[in-house]
Amino acid sequence: KVKGEECGAACMTLYFLKSTLGAWFLGCAVGMLFYLWIFLASDKLSKRSSLIQILLTICCAYWSYLLADGVLDMSGVLSSVAAGVVLAHLMWPFVVERRAMLEFWHVIETIGTTLVFFIAGLLSGQVIRKHTIYDYLWVLAAYAALMLIRFLML
């Protein structure tokens, strides 16, 4: 079944190809469009170029996902990955402040990773309801051991 409807092998194959290859090519097209836009905003004499370029990379990720997943019923994640690959391959010679771009996306990466593990912890906490004081002590001991190992590695 595809979307609750009976579907044969040909229908499922077309749906699979649309969801994967279609999303990949859509992401590449969106990535190329935003690459051209970043190129046009590469005025090294303007103070605003760096901010504009960073905002364009955010918009590229958002729009590739939105178009694929929300409008065309394709894989939004795959589309965003394809757009990111295109930008990562082509845009760097035209980025006005490379360090600012890298630092910004490093912060976004850290926030995203933190949210994923925080939500995973919340979900795990809902599954395991009964904790004793010894469980919390083991968590603190493991944390202290990891911090000690990290300190010794410096």
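This section reports on the structure supplied with the text. (Residues numbered from 1 in each chain as written. Predicted model: local features only at pLDDT ≥ 70, side-chain atom pairs only at ≥ 80, totals over all residues. Heavy atoms only, no water.)

**Section: the overall build of the protein chain**
Selection rule: Each helix is a run of H or I in the DSSP string that is no shorter than four residues. Each strand is a run of E no shorter than two, and both are numbered from the N terminus. With the radius of gyration taken over C-alpha atoms, the globule rule is written as 2.2 Å times the number of residues to the power 0.38. With a 1.4 Å probe rolled over the protein chains alone, any residue whose accessible area is under 20% of its type maximum counts as buried; one over 50% counts as exposed, and the rest are partly exposed. Contacts: residue pairs with any heavy atoms within 4.5 Å of one another. Surface accessibility follows the Shrake-Rupley procedure with a 1.4 Å probe radius. Residue values consider only the protein chains on display as shielding. This count recognises Lys and Arg as positive and Asp and Glu as negative, with His and chain-terminal groups excluded. Charge positions come from single atoms, namely NZ of Lys, CZ of Arg, CG of Asp or CD of Glu.
Across its full length, the protein chain carries five helices and zero strands. For the protein chain, the sequential pattern of α-helices and β-strands runs α-α-α-α-α. The C-alpha atoms of the protein chain give a radius of gyration of 22 Å, which is well past the 15 Å a tight globule of 154 residues would have. The buried share of the protein chain, taken over its 154 residues, is 21%. Once local pairs closer than 6 in sequence are excluded, the contacts in the protein chain between residues at least 24 apart make up 70%. In the form shown here, the protein chain has an accessible surface area of approximately 11,600 Å², with 73% of it arising from carbon and sulfur atoms. Positive and negative side-chain charges in the protein chain, numbering 11 and 9 respectively, have mean positions lying 6 Å apart.

**Let's talk about the nonpolar core**
So the rule is basically this: Grouping buried Ala, Val, Leu, Ile, Met, Phe, Trp, Tyr and Cys residues that are joined through side-chain atoms within 4.5 Å yields what is termed a nonpolar core.
Counting residues in each nonpolar core, the largest one holds 17 residues, and the members touching the most others are Phe 34, Cys 60, Leu 87 and Met 91. Looking at this core, the elements with two or more residues in it are helix H1 (9-40), helix H2 (49-71) and helix H3 (76-90). Top element by residues in this core is H1. It accounts for six residues.

**Concerning the side chain of Thr 57**
In this fold, Thr 57 is placed in helix H2. Taking the relative accessible area as the measure of exposure, Thr 57 reaches 5% and is therefore buried. Ignoring anything within four residues of it in the chain, the contact list for Thr 57 reads Ile 38, Leu 87, Met 91, Met 101 and Trp 105.

**A closer look at the packing of H1 against H3**
To keep things clear, this is the line we draw: The angle between two axes is taken between their N-to-C directions and runs from 0 to 180 degrees, where each axis is a line fitted to C-alpha atoms and a helix contributes only its stretch in contact. Angular relationships are summarised with four words: roughly parallel below 35 degrees, roughly antiparallel beyond 145, roughly perpendicular across 65 to 115, and oblique for the angles in between. Here a crossing is called left-handed whenever its near helix is offset anticlockwise from the far helix by less than a right angle, and right-handed whenever the offset is clockwise. In this classification, Asp, Glu, Lys and Arg are treated as charged, Ala, Val, Leu, Ile, Met, Phe, Trp, Tyr, Cys and Pro as nonpolar, and every other residue, Gly included, as polar.
Interaxial distance between H1 and H3 falls to 7 Å at its minimum, and their mutual angle equals 40°. With respect to H3, the axis of H1 lies oblique. As H1 runs across H3, the sense of the crossing is right-handed. Facing Ser 19, Thr 20, Ala 23, Trp 24, Leu 26, Gly 27, Cys 28, Gly 31, Met 32, Phe 34, Tyr 35 and Ile 38 of H1, the residues of H3 in contact are Leu 78, Ser 79, Val 81, Ala 82, Ala 83, Val 85, Val 86, Leu 87 and Leu 90. Residues belonging to the contact of H1 with H3 are distributed by class as follows: 16 nonpolar, five polar and no charged.

**What about a nonpolar patch on the surface?**
Stated precisely, the cut-off is as follows: Two joining distances apply to patches: 9 Å for like charges and 5 Å for nonpolar side chains (Val, Leu, Ile, Met, Phe, Trp, Tyr), and every residue must have over 30% relative accessible area and no salt bridge. Any carboxyl oxygen of Asp or Glu within 4 Å of a side-chain nitrogen of Lys or Arg constitutes a salt bridge here.
A contiguous nonpolar patch, built from Leu 51, Leu 55, Ile 58, Trp 105, Val 107, Ile 108, Ile 111, Leu 115, Phe 118, Ile 119, Leu 122 and Leu 123 and spanning about 1,100 Å² of accessible area, is present on the exposed surface. Considering each element in turn, the nonpolar patch owes the most residues, nine residues, to helix H4 (residues 98-127). Within the secondary structure, Ile 111 sits in helix H4.

**Thoughts on the packing of aromatic side chains**
Spelled out, the test is: Any pair of Phe, Tyr and Trp rings, taking the six-membered ring for Trp, is counted once the centres come within 6.5 Å. Such a pair is stacked with planes under 30 degrees apart, edge-to-face with planes over 60 apart, and tilted for the rest.
By the definition in use, this model includes five aromatic pairs. Note on Phe 34 and Trp 37: the rings are 5.5 Å apart at their centroids and 35° apart in plane angle, and the pair reads as tilted. With Phe 34 and Trp 37 both in helix H1 and three residues apart, this pair spans about one turn of that helix. Ring centres of Phe 39 and Phe 94 lie 4.8 Å apart, and the angle between their planes is 90°; on these two criteria the pair is classed as edge-to-face. Linking Phe 39 in helix H1 with Phe 94 in the loop between H3 and H4, this pair joins segments that are 55 residues apart in sequence. According to the relative accessible area criterion, Phe 94 is partly exposed, its value standing at 25%. In this structure an aromatic cluster arises from ring pairing among Tyr 35, Phe 39 and Phe 94.

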